[in-house]
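In case you want the letters, here they are:
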Amino acid sequence: MAISAAPAEGDDDVIAAINTTPLVDVMLVLLIIFLITIPVVTTSVQVELPKETVEVRESKPENLVISVDSSNAIYIQDSKVASTRALVEHLKKVSVQQPQPEVQIRGDLTAQYEGVGKILYACQLAGIGKVAFITEPPARGG
């Protein structure tokens, strides 16, 4: 009894070629995805965006601090403002001072943007030129 290492005639030969059809399909899908997403990532208008800076601002007594609490109530210093119209009238009186004081907005973390938007709109109507936001400084080392 002899063992033959060579395939016999009539047996199917082993095909050593790699089927590249699935590879080509995957590559074409990836190419289409990249062609669609690249124009979204790049923008055509060249602008220089402002850099983030942490600036320590000193609180001057002439600055006007306006606060918004979690229920969107607006306060000038410590007194509650009755309406947006009253806020605009108060800001108009402040806007004529020389030099014009800075309005600093303190917004509660859970407040909706509506309260802060009312303050910004009132500042615009009154002609206030300097508006700043007071935020909590980031934790050190983190």
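Because the structure is a prediction, the values reported are computed rather than measured.

Conventions adopted
- Residues numbered from 1 in each chain as written.
- Predicted model: local features only at pLDDT ≥ 70, side-chain atom pairs only at ≥ 80, totals over all residues.
- Heavy atoms only, no water.
- Helix = DSSP H or I, 4+ residues; strand = E, 2+ residues; numbered from the N terminus.
- Buried < 20%, exposed > 50% of the residue type's maximum accessible area, 1.4 Å probe, protein only.
- Pairing = 2+ DSSP bridges.
- Contact = heavy atoms within 4.5 Å.
- Axes fitted to C-alpha atoms, helices over the stretch in contact; angles between N-to-C directions.
- Right-handed = clockwise from strand over helix to strand, strands pointing away.

**Student:** Before we move on, could you go through unusual backbone geometry and cite the residues and values that matter?
**Tutor:** Residues Q98 and P99 are joined by a peptide bond in cis, for which omega reads -10°. The backbone phi angle of N72 is positive, close to 65°, even though this residue is not glycine. Looking at the element boundaries, N72 is found in the loop between β1 (64–68) and β2 (74–76). Positive phi, close to 55°, is recorded for Q77, a residue that is not glycine. If you trace the backbone, Q77 turns up in the loop between β2 and β3 (79–80). The partly exposed category is assigned to Q77, whose relative accessible area is 40%.

**Student:** Can you lay out the sheet that holds β1 for me, pointing to particular residues and giving the numbers?
**Tutor:** Taken together, five strands build an open sheet; the order of strands is β3-β2-β1-β4-β5 and the sheet is mixed. At either end of the open sheet lies a strand with only one pairing partner, and these are β3 and β5 (131–134). Bridge analysis of β2 against β3 gives two bridges, and the strand direction is antiparallel. Counted as the bridge partner of Y75 is K80 from β3. Strand contacts of helix α2 (residues 84–95): β1, β2 and β4 (103–107), with the helix running at about 165° to β1, the strand carrying the most contacts.

**Student:** Report on the pairing of β4, specifying residues and quantitative values.
**Tutor:** Across five bridges, the pairing between β1 and β4 is parallel. When the bridges of β4 are listed, V68 appears paired with G107. Relative to β5, β4 is paired through four bridges, and the arrangement is parallel. Note that in β5 the partner of I105 across the bridge is F133. This β-α-β element, β4 to helix α3 (residues 113–126) to β5, shows right-handed connectivity.

All quantities given are derived from atomic positions and should not be read as evidence of function.
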